[in-house]
Amino acid sequence: MALPSWWQVTTPHKDIREGKLSEAIFAADLGDVVYGRAPLEYQDAALFFHKTYITKGLKNLVENVLLRLSGEKGDPVIQLQTPFGGGKTHALLTLYHLIKNRDRIKHLSPIADFQSLIPDNAKVAVFVGTHADAVGGKTPWGEVAEQLGEYEIVKEHDKKRIAPGKERLREVFSLNPTLILMDEILEYIVKANRLEKVEKITQGQTLAFLQELSEVVASSENCCLVVTLPASILERYDEEAERSLHQLQKVLGRVEAVYTPVEGIELYEIIRKRLFEELGSEEVRKNVAQSYFDLYNRLGSDVPSEVREPEYREKIERAYPFHPELIDVLYERWGSFPTFQRTRGVLRLLAEIVGDLYRKKVLSPLIQSSLVSLENHAIRREFIKHIGNEYDSVISSDIAGESAKAPKIDREMGSEYEKYGIAKGIATSVFLYSFSAGASKETTLPRIRVALLREGIPATIVGDAVAKLEEELWYLHSEKKQYSFRNQPNLNRVIIDREETVTDDRIREELKELIQKNSGRALEVYLWPEEPQDIPDNKNLKLAILDPDLSYGSEKTKRLVRELFERAGSGFRVYKNTLFILASDNNHFVSLSKSLRRLLALREIQSDKSFTETLTKQSQEELKARLKDIESKVPFEILSAYRYLAILEESGIVWKDLGIPTTGSSQYISERVKQYLRDQEKILTKLSPKYILEKAFGKDENEKPLREIYELHLKTPGMPIPENEGVLIDTVKEGVKTGILGLRESEGVYCGGDTSPVLDSVVLRGDVARRLKEEKKKDIEGKKVEKPREEEIKKKGEPVRKLTLKAKIPWDQLSSIIGGVIRPLKDRGSPPEITLEIIAKSEEGFDRNTLDLKVRETLTQIGAEIEEWKEE
């Protein structure tokens, strides 16, 4: 059963749900409460305690103060010195309301344990340095005395801005149990010191007062002083302020006790109390915690060891509906920035995050760092103001926004990527882990899994997704498997900048060179022909690879392909069936062009020694790896782009889609094409004798020269092509042996048995060959061999120097003349001069196509000299 989403279980406070959150509710200010100007959440004591979680540290502080006011044992001077936002102001407000408004809150359960400890006549006085007017307002001693109703005791000292001394302070605190709360006192000291210089007042009066006050309080029985000090100096202070802080610490150092209001896992309770009205059932929280705990234990070493400990399951339950990793990264890393104000900063950010996700109804059992929407300007602003505006462009470029690269990866990958926002989620979580005032400014793959994985997301996706981000993002840096965002571009951005300098002409040159290198020798390859004469008309199997501008489907491509098949030079192409034409797919060519541009850019970067020397060793290795990867990838992309093959069939030009090449297949273009033609049985490595009879012989044909059969396949569009003449010779040899075919050589007719046919041999039908053999046998047996006339026989040993021969020959016996007459004469002498006399008749008449395009063209192609051409 699927776990419910957090927003189906919990109920955020109304202002968060409705998106009407005011930042003021997280900016607790003691002075505003004292003067009645604070938001209701802080001004109203009952509402304040309703949203306050009493931590262990806060409880100890309150008990100490109340015991001290009751005259019992307790620290008289308490210093709250924690990082900004560590809960100091909230602690002061708790003490203030307990004393000031004890009667209105005594019925509330959060303070039931303290009620009996509060003295009935206790008073509280407050001084807030940021509210005080150092020039015209009351001094700290004047303000405190006035709130306690004892201003007359220090009136003269207040007006002269001189510390009153311990005796007068004892008079001020002598009547009632008194709590003095002093917040932002350093701010006042800085202002007072400047005034003292200008007015030439004895310097250090506020510090003198604080020393007097701390000693008076320490010596009293029922007074307590609580002072807040910053843990470090913010940028707005100067060196003088830092000296003042050290002096202040020295003054209070002898008597103060340091308290930490917020510690460890209590932060989760504070956050839940402040942000949610209802947290749902405990059973749901336990089930969610157990589900995540089970997931982490299944992943084993793929996640950090601490998330697999039983204590982490309890941590998840206590932090619900937040994942502890989100609160921890905000509190520990971002909270280390002095400007972040830890507890207050975390609350403000989480309130924005909760409101954003609640309105979007994002499905997730917990709120994890990968779900933080940096597209939300309020959320983004909360981060940017601590790290600098330059990171706004980093977020827009890589993480969140219409043109950001991580969401683009999710859209392009689809499936789980798009459904769960995998790439964007990983980029967001890495961003959150990338900033700290301390040393840790990166994250690891195991921690990314904790930040991202939830119900429905396959764990195996993380590694691949991070690899994609490394390839695409501009500001993501990785070093020894540590990931972080910086405001300096990574190698990706350098590559993009270098790619912009690569021209289209350079891409064409590189492509041409790579095609030549990867064309192979399986076919005769002619690269980027522009006209028919660029491809010879011979018997070899030829592959023409077109210019990428002549992509598949364009009219310009179709016209050139028709011309290449029809013509060869100024004449017509005879061996049309031996030509194949390859064209590119325009869509794939765009991808190929990008890869070639990257290849050239990487080569340039690699050769730029002045730049590579500035790279880290890992970046140098990454550069080499990327170059090697693209060099191995481009040949595959060339095959993918050049996928459309034009073949001339009986019906005309037919385009075949070779498809995407399989991994591990040959990188040579001609080998791929030839293998495709074999698979389609366009090129045959083996024939059957029966096939020759069916395809090469007409109905009335009993014999045909083997050369003519071979050339028939090479010339006739649509016919399959023997891979070479040996395929045809082997087929005839097999056919003669089995008796399906016969063979005529100059010395006789063969049918059955082994033979050694050549292209000049004449192939006969098997039954015709057997009949001829039988007739010849009978003729030899029944005829008496006549001796030639004596005058026809030359004297023994006297050679014939010249032979002139004129004979009438049956039209279907021309091939026998080649093998039995012309070739033997050529073998013994120079090539004979042959004059052919043809007298052809037709009752219907010969058409011009036959005479001009076939007869005359063939004679022209073979180089014949036409001595007479007479038409009647």
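Whatever comes next refers back to the structure up there.
Residues numbered from 1 in each chain as written. Predicted model: local features only at pLDDT ≥ 70, side-chain atom pairs only at ≥ 80, totals over all residues. Heavy atoms only, no water.

Participant: Quick one: what's the story with helix H33 (residues 617-641), residue by residue and with numbers?
Facilitator: With 25 residues, H33 extends 36 Å from end C-alpha to end C-alpha; this agrees with the ideal 36 Å at 1.5 Å per step. If you look at H33, its biggest bend is around 25°, right at valine 634, and the proline proline 635 turns up within four residues after that. For H33, the full list of buried residues reads Ser619, Leu623, Arg626, Leu627, Ile630, Val634, Pro635, Glu637, Ile638, Leu639, Ser640 and Ala641. (Helix = DSSP H or I, 4+ residues; strand = E, 2+ residues; numbered from the N terminus. Expected span 1.5 Å × (residues − 1). Bend = angle between axes of the 7 residues up to and from the residue. Buried < 20%, exposed > 50% of the residue type's maximum accessible area, 1.4 Å probe, protein only.)

Participant: So what's going on with the side chain of aspartate 410? Which residues, and what values?
Facilitator: For aspartate 410, the position within the fold is in helix H23 (residues 405-413). Within the buried core, aspartate 410 has no salt-bridge partner, and the shortest N-O distance to an opposite charge, that of lysine 424, equals 7.3 Å. Contacts of aspartate 410, omitting those with residues within four sequence positions, involve Tyr417, Glu418, Gly421, Ile422, Ala423 and Lys424. (Lys, Arg positive; Asp, Glu negative; His and termini not counted. Salt bridge = Lys/Arg side-chain N within 4 Å of Asp/Glu carboxyl O. Contact = heavy atoms within 4.5 Å.)

Participant: Run through the side chain of glutamine 205, naming residues and quoting values.
Facilitator: On the secondary structure map, glutamine 205 appears in helix H14 (residues 205-219). We classify glutamine 205 as buried; its relative accessible area is 8%. At 2.8 Å, the side chain of glutamine 205 and the backbone nitrogen of alanine 163 are in polar contact. Not counting residues up to four positions away in its chain, the partners in contact with glutamine 205 are Trp141, Arg161, Ile162, Ala163 and Glu196. (Polar contact = N/O pair within 3.5 Å; in protein donor to acceptor, adjacent residues only side chain to side chain.)

Participant: Before we move on, could you go through the sheet that holds strand E8 (residues 443-444) and cite the residues and values that matter?
Facilitator: Read from one edge to the other, the open sheet built from 3 strands follows the order E8-E10-E9, with strand pairing classed as antiparallel. Edge positions in the open sheet fall to E8 and strand E9 (476-479), since each of these has one partner strand only. Pairing of E8 with strand E10 (residues 482-485), which is carried by 2 bridges, proceeds in the antiparallel orientation. Looking at E10, one finds that threonine 444 is bridged to glutamine 482. (Pairing = 2+ DSSP bridges.)

Participant: Go over the pairing of E10, please, and point to the residues and values.
Facilitator: Pairing geometry for E9 and E10, over 4 bridges, is antiparallel. If you follow glutamate 479 over to E10, its bridge partner there is glutamine 482. Between the end of E9 and the start of E10, which pair antiparallel, lie 2 residues, with lysine 480 showing a positive phi angle near 55°.

Participant: An account of the packing of aromatic side chains is requested, with residue identities and associated values reported.
Facilitator: A full pass over the atoms with the stated rule returns 17 aromatic pairs. Ring plane angle 70° and centroid distance 5.9 Å describe the contact between phenylalanine 276 and phenylalanine 322, whose orientation is recorded as edge-to-face. Of the two residues, phenylalanine 276 is situated in strand E7 (residues 276-278) and phenylalanine 322 in the loop between helix H18 (310-319) and helix H19 (324-333); the sequence distance between them amounts to 46 residues. Neither residue differs from the other here; phenylalanine 276 and phenylalanine 322 are each classed as buried. Relative to phenylalanine 431, the ring of phenylalanine 383 lies with its centre 6.4 Å away and its plane at 85°, an arrangement referred to as edge-to-face. Here phenylalanine 431 lies in helix H25 (residues 422-433) and phenylalanine 383 lies in helix H21 (residues 377-387), a separation of 48 residues in the sequence. Connected via pairs of aromatic rings, a cluster forms that spans Trp334, Phe337, Phe383, Tyr391, Phe431, Phe435 and Phe485. The lysine or arginine in question, arginine 313, covers the ring of phenylalanine 293, its NZ or CZ lying 4.6 Å from the ring centre. (Phe/Tyr/Trp six-rings, centres within 6.5 Å; stacked < 30°, edge-to-face > 60°. Lys NZ or Arg CZ within 6 Å of the ring centre and 35° of its normal.)

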